[in-house]
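Next come the chains, spelled out residue by residue.
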Amino acid sequence: QVQVVESGGGLVQAGESLKLTCAASVGTLRITLIEWFRQAPGRQRESVAGITGGGSRFYADSVKGRFTISRDKSKNTGYLQMNNLKVEDTAVYYCKVNVDHEVVVHEYWGQGTQVTVSS
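Along each chain, the written sequence defines residue order, and numbers are assigned to residues from 1. Given that this is a predicted model, residues contribute local features only at a pLDDT of at least 70 and side-chain atom pairs are listed and counted only at 80 or more, while totals for whole chains, interfaces and linings are drawn from all residues. Only heavy atoms go into the side-chain values, all of them from the structure, while hydrogens and water stay out.

Chemist: Mind showing me how you'd approach the layout of surface pockets here?
Modeler: In this approach a probe as big as a water molecule rolls over the atoms, and the regions it shows empty are the leftover space. Counted as a void, the largest pocket has a volume near 230 Å³. The wall of the largest pocket is formed by 13 residues, among which Arg38, Arg43, Glu46, Glu88 and Asp89 lie closest to the centre. Its residues assigned to classes, the lining of the largest pocket shows 2 nonpolar, 4 polar and 7 charged. Working definition: helices are DSSP H or I runs of at least four residues, strands are E runs of at least two. Numbering for both runs from the N terminus. For the lining of the second largest pocket, the secondary structure elements donating two or more residues are β4 (31-39), β5 (46-52) and β7 (67-72). A total of 3 residues in the lining of the second largest pocket trace back to one element, the largest contributor, which is β4. In the lining of the second largest pocket, the residues fall into 5 nonpolar, 4 polar and 4 charged. Cavities and pockets were defined on a 1 Å grid built from protein atoms only: a cavity is a group of points that admits a 1.4 Å probe but offers it no way out, a pocket is an open group of points flanked by protein on both sides within 12 Å along at least five of seven lines, and a lining residue is one with an atom within 4 Å of any such point. Grid points are joined across faces, edges and corners, and a volume is the space filled by probe spheres set on the points. Under the grouping applied here, Gly and all other residues not named as nonpolar or charged are polar, the nonpolar ones being Ala, Val, Leu, Ile, Met, Phe, Trp, Tyr, Cys and Pro and the charged ones Asp, Glu, Lys and Arg.

Chemist: It is not clear to me how the side chain of threonine 77 should be interpreted in this structure. Could you clarify?
Modeler: Looking at where threonine 77 falls in the secondary structure, it is placed in strand β8 (residues 77-82). Look at threonine 77 and you get buried, because its relative accessible area is 8%. Polar contacts involving the side chain of threonine 77 include one to the main-chain carbonyl oxygen of lysine 75, which spans 2.9 Å. When checking whether two residues touch, look at their non-hydrogen atoms; a contact exists if any pair is within 4.5 Å. Not counting residues within four places of it along the chain, the set of residues in contact with threonine 77 comprises Thr21, Cys22, Ala23, Ile34, Ser70, Arg71 and Asp72. In this scheme, a residue with accessible area under 20% of its type's maximum is buried, one over 50% is exposed, and one in between is partly exposed, where area comes from a 1.4 Å probe on protein chains only. Counting of polar contacts relies on pairs of N or O atoms within 3.5 Å, with two restrictions inside protein: one atom must be capable of donating a hydrogen and the other of accepting it, and residues adjacent in sequence are counted only when both atoms are side-chain atoms.

Chemist: So what exactly am I meant to see when it comes to the side chain of asparagine 98 here?
Modeler: Within the secondary structure layout, asparagine 98 lies in strand β9 (residues 91-101). In this view, asparagine 98 contacts Arg30, Ile31, Thr32, Leu33, Val105, His106 and Glu107; residues no more than four positions away in its chain are not counted.

Chemist: Is there a simple way to explain the sheet that holds β8 in this structure?
Modeler: Backbone-to-backbone hydrogen bonds pair the strands of a sheet. The strands run either parallel or antiparallel. Read from one edge to the other, the open sheet built from 4 strands follows the order β1-β3-β8-β7, with strand pairing classed as antiparallel. Where the open sheet ends on each side, the last strands, each with one partner, are β1 (3-7) and β7. Recorded for the sheet is a direction-independent mean angle of 15° between the axes of neighbouring strands. Strand direction decides the pairing type here: β7 and β8, joined by 6 bridges, are antiparallel. When the sheet's bridge partners are listed, phenylalanine 67 is paired in β8 with methionine 82. Paired strands, as defined in this entry, are two strands with at least two bridges between them according to DSSP. Where helices are involved, their axes are fitted lines through C-alpha atoms of the stretch in contact, as for all axes, and angles between N-to-C directions lie from 0 to 180°.

Put into structure tokens, the structure is as follows:
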């Protein structure tokens, strides 16, 4: 039973901050990647940030300098700190967790958390 649950979304004004949490229950499996995606109505789902098992981070150009991804390996939990939020950041944010099953990589998605930024 692999489970991924996002939390921390809400309604904020432009310029304010939110911190999202991605809690993963993976049993004895090892997480190799935690990645945050977002999708607004009528738009393509896009990757915004990711962190590998080794701690390497990557960001979309649209959020670079404003968002920070991190993880707590002992808790199998990822975080997305979002600062200086803009109305363009409004979307449902999803967490994807990659785990290793011997030689096969599996992906697991959470249900998403809504982030709404008002002007």
